[in-house]
Amino acid sequence: MEEGLIASNVAQAIATALDWTSSPDARAAAHSFLETIKTGDARVLANTSFLLVKRDWSSEIRLQAFKMLQHLVRFRWDQLNLEERRKFANVAADLLSEIANPCEEWALKSQAAALVAEIVRREGPSLWQELLPSIITLSSAGPIQAELVLMMLRWLPEDVTVHNEDLEGDRRRLLLRGLTQSLPEILPLLYTLLERHFGAAVMEAGRQQMDIAKQHAGTVTAAVNAINAYAEWAPLPDLAKYGIIHGCGFLLTSPDFRLLACEFFKLVSPRKRPVDSSSDFESAMRNVLEIIMNVADGFLQKTSYSSSSDESELEFAEYICESLVSVGSTNLQCIVADNTVLSFYLQQMLGFFQHSKLALHHQSLLFWLALMRDLVLKSKTAGIRDISADDLNLGTGQVDNEKRKILSLVNDDICSAILDTSFQRMLKKEKVHPEMKPTTRTLELWSDDFDSKIGFSQYRSRLLELIRFIATHKPLVAASKVSETITEIIKSVLLELVPTKDLAKIESMHLALENVVSTIFYGSNEYRKYSTEVQLSLHRMFEGLLQQLISLKWTEPILVEVLGHYLDALGPFLRYYPDAVGSVINKLFELLGALPFMVKDPSTSTARRARLQICTSFIRIAKAASESLLPHMKGIASTMMYLQEKGVLMRAEQNILGEAFLVMASSAGVQQQQEVFLWLLEPLSKQWIQPEWQETYLSDPTGLVRLCSETQFMWSIFHTVTFFEKALKRSGLGKGRSLENYSKTSSAVAHPMVSHLTWMLPPLLKLLRAIHSLWSPSVTQALPGEVKAAMIMSDVERTSLLGEGKHKLSKGALTFTDGSQFDISKETSEPIESDIRNWMRGIRDSGYSILGLSATLGDSFFRCIDPHSFIIALIENIQHMEFRHIKQMVHLVLVPLVKFCPSDLWETWLEKLLHPLLHHVCQALSFSWSSLLREGITKVPDLHGILAESDLKVEVMEEKLLRDLTREICSLFLVFAAPDLNAALPSLEQAAQISHMDDSSMRDLNMFACNSMVGFVLNNKSLAVPVLKICVDAFGWTDSESMCKVTSFCGLVILVAVSTNNVELREFVCRDLFSAVIQGLTLESNAIISADLVSICREIFVYLSNRDPSPRQILLSLPSITLQDLLAFEEALLKTGSPKEQKQHMRNLLIMATGNKLKALAAQKSVNVITNVTMRPRNLGTVPESSSLDEGDAIGLAAII
């Protein structure tokens, strides 16, 4: 009676909790009551739940009762004694028979099966052996009973395939061992039920008994789903032995079940060979491959006659192709001994690669890429030796032989077919002209809506990578095929009345040519390995193609631009055949002269673009052909001077051709390089050093405003500045290279740019100072409207911050606010807002780059340039600069200055430069981060005056700007901590020995200030205060990328504190830093660097707690620690000298002392999810289990409670 009353109360509580019309208080009371039942007496919970699963109650109540039973089994099973557990198991097993009724809902059946499976997992193999006879008997009773048994068998290995945090270690291994031992009973039962009910479904359907047929079909579906739960981990030979592979292979012939069967083959095809595998594994995998290949052959033969297939057929083919790719990528060695099968397999993969449907082609592309990368790339570097884990048990010689054999089967015909298809598919659907001549088979080209995960550029890069592999493997085939294809395209263009109709095809092929030529000719050692006969053949083919290109008389700007691409693509060829260089140069100048010079007519914009491309081709050819261009330098110079005198060469074109000269000079020797620099820079210096323009335009902000109205002169200044930047980069200073690197090749000759810095930099500093001053409020108020508008961030920059646009802002192609591209050759346009914005941005970026590159010259820069004017230009208006501008200045200027400044000039340069910057940035970051974390609003100066479409977009942009600046400042701290700037610091082990002495025997901090950058920063309070405040604050900012950089700097701060007798620094480390690091561990965003944070805590405690009481006091202030815990921790540290073990002790102590509240450490726990239920996001229309999702529950026992 009492049990019935409790059951009624529980049922009422469930109904109230599920009824959203109930009041919040009623629902809360119901939840509280249910929780008391779940946590109360386990026997009451069991009896009540078993009463509520009866048919007397509603489906909702029964479903919740099943979940309560599962909760008991999973979390409270040990509270029942052995007899109670057996009785519980028997009652649950009886439920299976009771619920095997056509009227019962699927969700209830599934929960009943899951309950029995959970009990078996908890009790182990002994209970399974007891239940097995009754399970087999039940499965023979009919299709509904068999379906229920199959559901239970599906749930049985759930904890093997789906990670559950409460099932770890030994329990998981025991479960896996028990299930493996039970496979001889489970797998035959699965096959028997599959075979029996598939045959019954076919037979009943033939008799038109559709209701009964559907019941058997549901059982077949449940059988395949159960099989798939074992396919991922059950030994492959067992799956073959008990007929599972054969049975699923047979289902591939059934339109109703083939997609489900495909899921099985998708799971088994990538199974890797176990270390202790026998021939049984290879035999089973060959069986898998043969089944899939037979099905694929039927599809390919059917579609070879007709490109039309229905959607279900194509989806089926995608599954099959994916499985073929998986087998080939992981288990190709299983068929390598059989030439016939291997050759047939490669032909099938080629068939899919050539297929008109993009999805099938793309699947096959991934296979060919992986195969050729493995065979070709590794054979070049290791003589066809692949030392991978899968090959260790084969022996290296056998692996090499297998790869040679596979490579020999990738013959000329296959390579030629791959290239043909790749060339055709480098077109994008949206770019193809509707009247373009169709190929022999209509291909489904790439379109933007094909795959949201990758874009066309990534897809095309894969095609180009495959083309490079083919060119490496078969250079003659690749050269011949690309030459023939381009020749055919040229002929078709010459015959067309509208030649630009095939523009997409023409444009795409220059990329193919570029990749083939660069693969064959780049790297002199590789090319010289070819035989003389091969080299002669390659020479003939490319020379013939080059002569065709030179003979073309194209004048249409778009075609001229493409022709320029083709000519510079042949640059690597010209390195080995310099006789053709002269004709290429003459052709480029001919094309340049054939294009109209710039006028105001907008219709000439394509001509302007084409002219710039032709000039750029000189740079590309100069880089690729190297010394082959040296004999032609004088001729190129003469032609340039002739065009300049005629006034038909724009400044942007002069800059590009000048840059080409710089590239050529870099391979001509230091003396000639200096002469080229002098020849190019001397004309610019005559205007640049004139005091008149500086006084007129740079003496005050109004002068700069006037400069913005003098359009032609404004852009002239712009081109001068950008060419200075190019000259510095092309002089050998790009990418952090210093004068030291340069002097390795010519120690007796000065760097070619050194003599030019003294006249180049002073006007540039004045120009930058004038631009910076515009952001000063007193100046901004008096500016005209177009200049004020130009100071506001452009639409494209905002789009880039939001991550919505594909624009990449560059100085070579600046952008209007509407997103349209604007070339830097613009010299005659009217001064408008976007022009002024682009001009200021270009001057700022190039100016910062020039200063940073100049700093890499070391002494030649720092001892020749006035630091006062340099610092004033950059820092005078630092408090008014926007975050994006400070970030850019730090990245391009401050970082190189810190890296290359001589240590005896740190005080003169760095202290005066860094103090105002760090002081301002410290306040700005602290204010913005505090606002973000407390109010959810980031306050940055960059977006003032901007009307955004939504407040959310403004918040996103502001936060992005804040994070970018934060990361850049932290990158500067990382430079402070660079090893080459701190070589004088001892190691932590050496410092630890010193730390045991008293302070009087330790070094002063100022002793490190002249030979350690971190020592210098810490010794200067004007720098140390803002730097250390930013570091401490950063531990509370939710930006893991910044934290990664800060921790490296903090490590050296600790080292200096340990190595010196500076009490103030030691107190900061032991009190402020130690506390901040622990606080940082409370943020989940710091999980990625939690090991570093624990390491910092360990270093502070181990090396400094004996000299300062703060670390102990801070630990004792944590909520869940006692003095005994701390003493035990210290004792554990004394017992081991291993830093790794000490860090583990520190980690454990922090977790315990904070009551497991450190989210960064909690988030480290592995969530290694392996599931076989939701592997593919496709719609399997024949799977009735999808109805379980209607209950709002995730599939899997881990999500049931």
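Residues numbered from 1 in each chain as written. Predicted model: local features only at pLDDT ≥ 70, side-chain atom pairs only at ≥ 80, totals over all residues. Heavy atoms only, no water.

## Here we look at the overall build of the chain
In terms of helices and strands, the chain carries 56 helices and two strands. Across the 1201 residues that make up the chain, the buried fraction comes to 56%. Expressed as a percentage of contacts within the chain between residues at least 6 apart in sequence, the contacts between residues at least 24 apart total 75%. Split by element, the accessible area of the chain, about 51500 Å² in all, is 53% carbon and sulfur. (Helix = DSSP H or I, 4+ residues; strand = E, 2+ residues; numbered from the N terminus. Buried < 20%, exposed > 50% of the residue type's maximum accessible area, 1.4 Å probe, protein only. Contact = heavy atoms within 4.5 Å. Areas by Shrake-Rupley, 256 points an atom, 1.4 Å probe, with all protein chains shown as cover.)

## Some points on the packing of helix α45 (residues 906-935) against helix α49 (residues 1021-1034)
Between α45 and α49, the shortest axis-to-axis distance is 9 Å and the interhelical angle comes to 30°. Here α45 lies roughly parallel to α49, going by the angle between them. Here α45 runs over α49; the crossing is left-handed. Residues E911, L914, H915, L918, H919, V921, C922 and S926 of α45 form the contact with α49, whose own contacting residues are S1022, L1023, P1026, V1027, K1029, I1030 and D1033. Classifying every residue of the contact of α45 with α49 gives eight nonpolar, four polar and three charged. (Axes fitted to C-alpha atoms, helices over the stretch in contact; angles between N-to-C directions. Parallel < 35°, antiparallel > 145°, perpendicular 65-115°, else oblique. Left-handed = near helix turned anticlockwise from the far one by under 90°. Nonpolar A, V, L, I, M, F, W, Y, C, P; charged D, E, K, R; others polar.)

## Here's the deal with helix α3 (residues 42-52)
Three or more residues of α3 are buried, namely A42, L45, A46, T48, S49, F50 and L52. One side-chain oxygen at the N-terminal end of α3 lies 2.7 Å from the backbone nitrogen of R43; it belongs to D41. (Polar contact = N/O pair within 3.5 Å; in protein donor to acceptor, adjacent residues only side chain to side chain.)

## Focus on the pattern of salt bridges
Tallying each qualifying case throughout the model produces 46 salt bridges. Between R207 and E204 there is a salt bridge, with its nearest N and O atoms 3.5 Å apart. The partner of R373 in a salt bridge is E465, with the nearest N and O atoms 3.0 Å apart. Of this pair, R373 sits in helix α18 (residues 358-382) while E465 sits in helix α21 (residues 456-473), placing them 92 residues apart in sequence. Residue classification places R373 among the partly exposed positions, given a relative accessible area of 32%. A relative accessible area of 19% means that E465 is categorised as buried. Several salt bridges converge on common partners, so that one network encompasses E959, R963, R967, D1039, E1041 and K1045. (Salt bridge = Lys/Arg side-chain N within 4 Å of Asp/Glu carboxyl O.)

## Things to note about the nonpolar core
Grouped together as the largest cluster of nonpolar side chains are 405 residues, with contacts concentrated most on F88, L153, W368, F542, W839 and F861. A per-element tally of this core places α45 first, with 13 residues. For W368, the residues in contact, after removing those within four places along its chain, are L346, M349, L350, F353, V410, I414, I418 and L466. (Core = buried A, V, L, I, M, F, W, Y, C linked by side-chain atoms within 4.5 Å.)

## Concerning the packing of helix α50 (residues 1040-1059) against helix α51 (residues 1063-1080)
The contact between α50 and α51 brings their axes to 8 Å, and the two run at 135°. By the angle between their directions, the pair α50 and α51 is classed as oblique. Remark: the crossing between α50 and α51 carries left-handed chirality. Taking contact as the criterion, the partners of C1050, V1053, I1054, V1056 and A1057 in α50 are, on α51, L1065, R1066, V1069 and L1073. For the contact of α50 with α51, the per-class residue count stands at eight nonpolar, no polar and one charged.

## Focus on unusual backbone geometry
The phi dihedral of Q208 falls on the positive side, at around 70°, and the residue is not glycine. Mapping Q208 onto the fold places it in the loop between α10 (169-206) and α11 (210-231). In this structure Q208 comes out as exposed when scored by relative accessible area, which is 60%. Unusually for a residue other than glycine, N1156 sits at a positive phi of about 55°. Residue position: N1156 is located in the loop between α55 (1139-1153) and α56 (1159-1162).

## Notes on a nonpolar patch on the surface
On the surface, a nonpolar cluster with roughly 260 Å² of combined accessible area is contributed by L1116, L1123 and L1127. Its relative accessible area of 46% is what places L1127 among the partly exposed residues. (Patch = residues over 30% accessible without salt bridge, like charges linked within 9 Å, V, L, I, M, F, W, Y side chains within 5 Å.)

## Focus: the side chain of S931
Summarising the element assignment, S931 is placed in helix α45. When residues no more than four places from it in sequence are discounted, the contact partners of S931 are G936, I937, T938 and K939.

## A look at the packing of aromatic side chains
The tally for this structure, following the rule as stated, stands at 35 aromatic pairs. Ring plane angle 70° and centroid distance 5.6 Å describe the contact between F521 and F542, whose orientation is recorded as edge-to-face. Here F542 lies in helix α25 (residues 532-551) and F521 lies in helix α23 (residues 503-521), a separation of 21 residues in the sequence. F521 gets classed as buried once you look at its relative accessible area, which sits at 0%. Cluster of aromatic residues (ring-pair linked, three or more members): W688, W693, Y697, F713, F724 and W759. Across the ring face of F316, the terminal group of R258 is positioned such that the distance to the ring centre comes to 4.4 Å. (Phe/Tyr/Trp six-rings, centres within 6.5 Å; stacked < 30°, edge-to-face > 60°. Lys NZ or Arg CZ within 6 Å of the ring centre and 35° of its normal.)

## A few points about helix α28 (residues 581-594)
Helix length check: α28, at 14 residues, gives a terminal C-alpha distance of 20 Å against a target of 20 Å (1.5 Å per residue), a fit within 8%. Of all the positions in α28, only V581, G582, V584, I585, K587, L588, F589, L591 and L592 are classed as buried. (Expected span 1.5 Å × (residues − 1).)

## Side note on the confidence of the model for the chain
Summarising the model, the chain shows a mean pLDDT of 84, and 85% of its residues fall at 70 or more. A low-confidence stretch, residues 382-395 stays under pLDDT 50, and its non-local contacts, those more than four residues away or across chains, total 28 contacts. The model gives residues 1165-1201 a pLDDT under 50, and that stretch makes 82 contacts with residues more than four places away or in other chains. (pLDDT = per-residue confidence, 0-100.)

## So, the environment of V663
Considering the arrangement of structural elements, one finds V663 in helix α31 (residues 651-666). The buried category is assigned to V663, whose relative accessible area is 9%. Each C-alpha atom of the pair V663 and A624 lies 10.0 Å from the other, and the pair is 39 residues apart in sequence. Excluding its chain neighbours within four sequence positions, the residues that come into contact with V663 are I619, A622, K623 and R730.

## Concerning the side chain of S508
You can see S508 is positioned in helix α23. Since its relative accessible area comes to 4%, S508 is described here as buried. Engagement of the side chain of S508 in a polar contact is seen with the backbone oxygen of K505, the distance being 2.9 Å. Not counting chain neighbours up to four residues away, the residues in contact with S508 comprise M426 and L427.

## Some details on the state of the cysteines
A full pass over the atoms with the stated rule returns zero disulfides. With no disulfide of its own, C922 has C1031 as its nearest cysteine by sulfur position, at a separation of 9.9 Å. Judged by relative accessible area, C922 falls into the buried class, the value being 8%. Of all cysteine sulfurs, the one in C1031 lies closest to C1050, which takes part in no disulfide; the gap is 4.4 Å. (Disulfide = S-S within 2.5 Å.)

## Quick notes on the environment of V676
Considering the arrangement of structural elements, one finds V676 in helix α32 (residues 670-688). Once the C-alpha coordinates of V676 and A637 are considered, the two residues, 39 residues apart in sequence, prove to be 10.0 Å apart. Excluding its chain neighbours within four sequence positions, the residues that come into contact with V676 are M633, F661, L662 and A665.

## Quick look at the environment of I186
Within the secondary structure, I186 sits in helix α10. Considering only alpha carbons, one finds I186 and Y242, 56 residues apart in sequence, at a separation of 9.7 Å. Setting aside its immediate chain neighbours within four residues, I186 contacts W128, L153, L156 and Y230.

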